[in-house]
Amino acid sequence: MNAPPGAPAPAPGPPPGVARTLLEFARTEAHDITEGTVDLTMYEVDPNNTGAATSPAALKTLISDGVKDGAIKVLAMIDDQGLMREFHLPAFAHIRTGELSPYNGRFICNIGDFDPDDGNFYSAEITTANMGLANNSVHCCTADSLHTQAQAHTGAARFFVGPYAAADADVEPVHSRKIFEIPYFLISMCGRAAPDGCVTVLYFWTTLYPVIVAKGPAMVTACKALIDAFRLAATRAAAGDTSSVMDTTAAARPTMIGRDDALKKTRKALFRQILAFRRGRAEARQGDALMAASMDNQTDLLRDQFQFAKNQALETKKNKILKSLGGQEQLDYLLEQCGARRINELPDTVQRMIETTSDTARDTLLNNAAIRVAEALKLATPPVFANGFATRVLTEPWHMARPEMVHSGSVYNLLTQAAPEEQAREMCASAKAADPDRTAARVSVGERKALDEAKLFFATPSGAIVAVRHLLVLSRIVCASPATHPLAVWAKDYHTRLAMGGLDVIMRHPARSGDQSLQGVHFQIALSDHLKLFGTGNKALDDDLIFGEIEEGLHWERVTRTMSTLKAEYKLGDVNQAQRRLAGFDGPTDNTIASRRTADRFGLADGSALGGAGDDVSMMSSPPPFVPARAPPAAGGEAGGGGATGGGTVPAGRRVVHNTAFDGELWSGRCRRPGALGAKGNDLIKAAAAGMVEAIPCSKVDANPLRNMCINFHVRGDCVDGCPYSYDHVPYTRAEYEADGGLVPWMDSPANNFRKLTPDEYTTLGLTPPAPRSRRGGRNRRGGGGRGGRGGGGRGGRSG
C-alpha cells in the first residue's frame, strides 16, 4: 500500500511472517480474510436521531461472529482530549466447562495492541452503554471541506470547525454511535504508527481520509459510518465548545479487567485460532500459516453454504406467504392497512393466520384472539366472526367492492363480520329488552335457516352497537399499533360514544320513508361506506359521523343499491320479519310496523313504510313529512331565534327547547355582521374540529365528553331535544358569555369565526351546503319553510 502525501513513515518492525502485533500483522493484505471487503453500514444511524439503527445486541453478535471467523476487527472511541482509543478483537467470551468467570458470555476486547516484547495483552468489557448513540445530531459540513480545513490548520490546539446552522450551505445533520470500527486497511496506520502513538482528529482528516478516498467512491460509501464519526468529532455543536458530541470520559469507555485466569485462557485460545503469530515458536509458524489458510478456506466454504441455505429458506417462506395471500400486491395492501412495514411487524395473530392454510384454523385463531381482546376491553360478550371471515381479511380488500356486492370485504364491511349465531343472540337480546316480562324469546328453526342462508349480519335498530363492537375488537387484533393506528383509535372512541347514549340519539332520527325497522342496517351501510373511503381514499375518519346531521333534520342514510340487493338476494325481509316477531310485533309486511309504531312517533302517514321490491332511489327519495313547529316569541326581538333551525320548521316528534335566558341584545348585532348570515352552529362545530375556525368554547357543564357549547341554543335562542350538545342547554349569564374563552370573544375574534362556510369548506368537510333561499324566504331543505320570518311570521325572515 502506498502512503498518501503527508503521511508519516511506517513504524519500523519485523518483516512479514514474524509479526508480533496486530499493527504489524495488518500490514500484509493477504492476512485479511475478507479480501478487502468493507461494509460498515451496520454502524450507521439515522441523522434525524429516530433510533432507526441496528440494536447493540445485534451489533455485538455480528462483530463477534466476524472475529471468530478470523476477521481482524478493531473498534474505537474518541476520548475527552480528542484522541482515538482502540479496542481490538472484540468477541463473546465462552468459558470452558468446569472453570468459572464472572465474564462468561460478556463482550470482551483487548485495550490496545499486543505488547511487542512479550505478547501480553489487557482485556476489557464492551457494554451496551459503550455502544450507545451520541446525544444530539449536529450540522456538519462535507468531508471534503473538513479535509481542506484540516490541511490549513496550524498550532497545537485541537482541530475544530463550526458550529453550523441548518441554513448554511453544504451542511447536513449528522448522527453517530459513540463507538465505530476501523477497517482492516487502516489498522496498520493507527495506534503506534500514528504521530505520538495515537490517532488525533486532525491526523484522520489529513492522513487517513485521503487513503479512503484513494480507494474510490465505493470505499467512501462503505466507510460512511467511520467518516460521520470523525465529522462529528471535528465539529462544535455550539459556539465556544471545547469538546464534541463524540467525546467520552474514561468512565464511559471500556475499562480494563483485573486478573481472571479463566478469561485469559479463553482469549488466548481465540488468538491462537485466528492469528498465526500467536500459535507457537518461529520455526513452526510456516506450518501454522498453512494450517490457518486451510481453516480459513474451510470456514469460508461453511459460511457460504450456511448463507445459501439461509437465503433458500427465506425465499421458500416468502413464496409460501405470497401463495397464502394471493400475491405481492395483496401482501403490500395488508401491510398498509395494518400499519406495518414488513411481515414481522404484523400482529402475532395475523402472522399465525398467514402461516395457517386452513380456513377453519384461521377462524379459530381469530375468534380466540377476539375472546382475549374482549376480556381486556371488559366487554360482556366477545364477538364471534363468521366462517371464512379470517381468510377474507388476509386475501381480499377489506372494503365492499361495489354497493351491490354486499358479501365482499371484511374489516370495513360491517355486514360481513358477525356469524349467524351472533345475530340470533342479538335478536333475542333485543326482544328481551323490548319486553322484559317475556319468558321465552327464541329463534325458530325456519328463522335460523333464514339467518344461515343470509350469510350476513343485519343489526336491529337497538342493537346496531353490536356491529361497532365487532369492529372495535377486530381493529385491536389486526392493527400493528392499536394505541396509535387511526382505525383502532376511532373505533374505540366511536364505540364509547354510542355506549354512552349516542345510539339512542341516532336511532330517534326518522328513517327515510318510515323504514325505521331497518335503521340498524342503514347504520351498518353508512359506517361501511365511511370506512371504505378511509381505506381507499385516505380520508380521515370522522368522530362526529352521523351525529352531526341529526340536529339539522337531515337523513344520514345514503341512497345506494346496497339495501335493495339485501332485500332481493340476502333474505333481509325474512330476517327483519323474525326480528319484529321477537320484538312482539305481528303481521307479514313492513307496512305493519310502520302503521303501528312509526306513524305515531315520527308523524308518518299510515302505511308509508316500504313493502315490496325496488331500488334505494325509489325507496328513499322522499323524506317523511314535516310538521311545522309553532313560532316561539323572539326574545329581545332582534336575534332571529325563532326555532330549532332559526325560524324554519321542525320535524314532527322533535320538541323545541327554548333558552329561557336568551339575551337577544347581546347577539343581535353580531348575527347581522357581513358574512354572519347563514352561519350554522353545527357546521361551525365541525369546521372548528377541522381547524377552519378557532375551537368552539367549552361548555360550563363538564359532565359530557363532547364539551362543546351549543351555538344554536345560545345565539339563536332555541334548539331541539335530540341535539348531541343538549347537555349545554342551560342558562348562561352575560358575564359568562363575555369571560375569557367565552362565546363573545370567540365571535368577536379577528379570525372571523361566526360566519357562513364557503362551498369549498363544505366540500372539504364532506358536508352538503345548505340549499339557497327561495325568493319567498326559507330554504328548500334542511328545515327551510316558506314564509318564515322572525319567530315564524313575516316575509323574507332569516331561516338559518
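Residues numbered from 1 in each chain as written. Predicted model: local features only at pLDDT ≥ 70, side-chain atom pairs only at ≥ 80, totals over all residues. Heavy atoms only, no water.

Student: Before we move on, could you go through the overall build of the protein and cite the residues and values that matter?
Tutor: Across its full length, the protein holds 29 helices and 10 strands. Taking all 800 residues of the protein together, the buried fraction comes to 50%. Residue pairs at least 24 apart in sequence account for 70% of intrachain contacts in the protein once pairs closer than 6 positions are excluded. Surface summary for the protein: the accessible area is close to 36,800 Å², and the carbon and sulfur share equals 52%. (Helix = DSSP H or I, 4+ residues; strand = E, 2+ residues; numbered from the N terminus. Buried < 20%, exposed > 50% of the residue type's maximum accessible area, 1.4 Å probe, protein only. Contact = heavy atoms within 4.5 Å. Areas by Shrake-Rupley, 256 points an atom, 1.4 Å probe, with all protein chains shown as cover.)

Student: Tell me about unusual backbone geometry, and please be specific about residues and values.
Tutor: Following Gly 162, the chain continues into Pro 163 via a peptide bond in cis, with omega recorded as 5°. By secondary structure assignment, the location of Pro 163 is in the loop between α3 (143–151) and β6 (171–174). In this structure, Glu 35 is a non-glycine residue whose phi angle is positive, near 55°. If you trace the backbone, Glu 35 turns up in the loop between α1 (22–25) and α2 (56–68). Phi at Lys 378 is positive, roughly 60°, even though this residue is not glycine. In this structure, Lys 378 sits in the loop between α12 (359–376) and α13 (389–395).

Student: Could you give me a rundown of the confidence of the model for the protein, with the residues and numbers involved?
Tutor: With 70% of its residues at a pLDDT of 70 or more, the protein shows a mean pLDDT of 75. Confidence, expressed as mean pLDDT per element, reaches its minimum in the protein at helix α23 (residues 616–620) with 26 and its maximum at helix α5 (residues 201–214) with 93. Across residues 1–5, confidence stays below pLDDT 50; counting only partners more than four residues off in sequence or on other chains, it has six contacts. Contacts from residues 281–285, a stretch scored under 50 in pLDDT, to residues over four places away or in other chains number four contacts. (pLDDT = per-residue confidence, 0-100.)

Student: Summarise the packing of aromatic side chains; cite the residues concerned and give the values.
Tutor: Scanning the model with the defined rule gives 16 aromatic pairs in all. Ring geometry for Phe 385 versus Phe 389: centroids 5.3 Å apart, planes at 10°, classification stacked. We classify Phe 389 as buried; its relative accessible area is 0%. With a centroid separation of 5.0 Å and 80° between ring planes, the pair formed by Trp 667 and Tyr 737 is classed as edge-to-face. Of this pair, Trp 667 sits in helix α24 (residues 664–671) while Tyr 737 sits in helix α27 (residues 734–738), and the two are 70 residues apart along the sequence. Exposure class is identical for Trp 667 and Tyr 737. Each is buried. A network of ring pairs unites the aromatic residues Phe 180, Phe 204, Trp 205, Tyr 209 and Phe 230 as a single cluster. (Phe/Tyr/Trp six-rings, centres within 6.5 Å; stacked < 30°, edge-to-face > 60°.)

Student: Can you tell me about the pattern of salt bridges, naming the residues and giving the values?
Tutor: Under the criterion given, the structure shown has 18 salt bridges. One salt bridge connects Arg 259 with Asp 261, and the closest N-O pair in it is separated by 3.1 Å. On the basis of relative accessibility, which here comes to 78%, the residue Arg 259 falls in the exposed class. Its salt-bridge partner being Asp 663, residue Arg 734 comes within 2.9 Å of it at the nearest N-O pair. Residue Arg 734 is found in helix α27, and its partner Asp 663 is found in the loop between β9 (656–658) and α24; the two are separated by 71 residues along the sequence. Each of Glu 172, Lys 224, Asp 228 and Arg 231 takes part in salt bridges that share partners, so that together they form one network. (Salt bridge = Lys/Arg side-chain N within 4 Å of Asp/Glu carboxyl O.)

Student: Pulling in residues and values, what's your account of the nonpolar core?
Tutor: Generally speaking, nonpolar side chains in soluble globular proteins are found buried as a group. Residues Phe 180, Ile 182, Trp 205 and Leu 275 are the most contacted members of the largest nonpolar core, which totals 75 residues. Examining the composition of this core, we find that eight residues originate from one element, α5, more than from any other. Residues within four places of Leu 275 in sequence aside, it is in contact with Leu 22, Phe 25, Ile 72, Leu 89 and Phe 114. By size, the runner-up hydrophobic cluster in this structure holds 62 residues, among which are Leu 498, Ile 506, Ala 526 and Phe 547. (Core = buried A, V, L, I, M, F, W, Y, C linked by side-chain atoms within 4.5 Å.)

Student: If you had to explain a nonpolar patch on the surface to someone new, which residues and values would you point to?
Tutor: Taken together, Ile 111, Tyr 122 and Met 256 make up a surface patch of nonpolar side chains, about 300 Å² in accessible area. Positionally, Met 256 belongs in the loop between β8 (247–248) and α8 (261–274). Relative accessible area serves as the criterion here: at 51%, Met 256 is assigned to the exposed category. (Patch = residues over 30% accessible without salt bridge, like charges linked within 9 Å, V, L, I, M, F, W, Y side chains within 5 Å.)

Student: Go over the packing of helix α11 (residues 348–355) against α12, please, and point to the residues and values.
Tutor: Packing of α11 against α12 brings their axes to within 9 Å, and their N-to-C directions diverge by 165°. Here α11 lies roughly antiparallel to α12, going by the angle between them. Considering how the two elements wind past one another, α11 and α12 form a crossing that is right-handed. Contact residues: Thr 349, Arg 352, Met 353 and Ile 354 in α11; Arg 362, Leu 365, Leu 366, Ala 369 and Arg 372 in α12. For the contact of α11 with α12, the residue count by class is five nonpolar, one polar and three charged. (Axes fitted to C-alpha atoms, helices over the stretch in contact; angles between N-to-C directions. Parallel < 35°, antiparallel > 145°, perpendicular 65-115°, else oblique. Left-handed = near helix turned anticlockwise from the far one by under 90°. Nonpolar A, V, L, I, M, F, W, Y, C, P; charged D, E, K, R; others polar.)

Student: So what's going on with the state of the cysteines? Residues and values would help.
Tutor: Among covalent bonds in proteins, the disulfide is the one between the sulfur atoms of two cysteines. Tallied over the full model, the rule gives zero disulfides. In this structure Cys 190 is not part of a disulfide, and its nearest cysteine sulfur, from Cys 198, lies 9.6 Å away. Since its relative accessible area comes to 3%, Cys 190 is described here as buried. (Disulfide = S-S within 2.5 Å.)

Student: Give me the lowdown on the pairing of strand β2 (residues 84–92), citing residues and values where you can.
Tutor: Within β2, seven of the nine residues are buried, which leaves the element mostly enclosed by the surrounding structure. Between strand β1 (residues 74–79) and β2, which follow one another and run antiparallel, lie four residues, and Gly 82 among them has a positive phi close to 80°. (Pairing = 2+ DSSP bridges.)

Student: Go over the packing of α12 against helix α16 (residues 465–478), please, and point to the residues and values.
Tutor: At their nearest, the axes of α12 and α16 sit 9 Å apart, and the two run at 105° to each other. Relative to α16, the element α12 lies roughly perpendicular. Along its contact with α12, which presents Leu 366, Ala 369, Ala 370 and Val 373, the element α16 presents Val 473, Leu 474, Arg 476 and Ile 477. Looking at side-chain class alone, the contact of α12 with α16 contains seven nonpolar, no polar and one charged residues.

Student: Which residues make up helix α10 (residues 328–338), and what values do they have?
Tutor: Looking only at α10, the buried set comprises Gln 330, Leu 331, Tyr 333, Leu 334, Leu 335, Gln 337 and Cys 338. Of the residues trailing α10, Gly 339 is marked for its positive phi of about 80°.

Student: Requested: an account of the pairing of strand β3 (residues 107–111), with residues and values cited.
Tutor: With four of its five residues buried, β3 lies for the most part within the structure. By the bridge criterion, three bridges tie β3 to strand β4 (residues 123–125) in an arrangement that is antiparallel. When the bridges of β4 are listed, Ile 108 appears paired with Glu 125.

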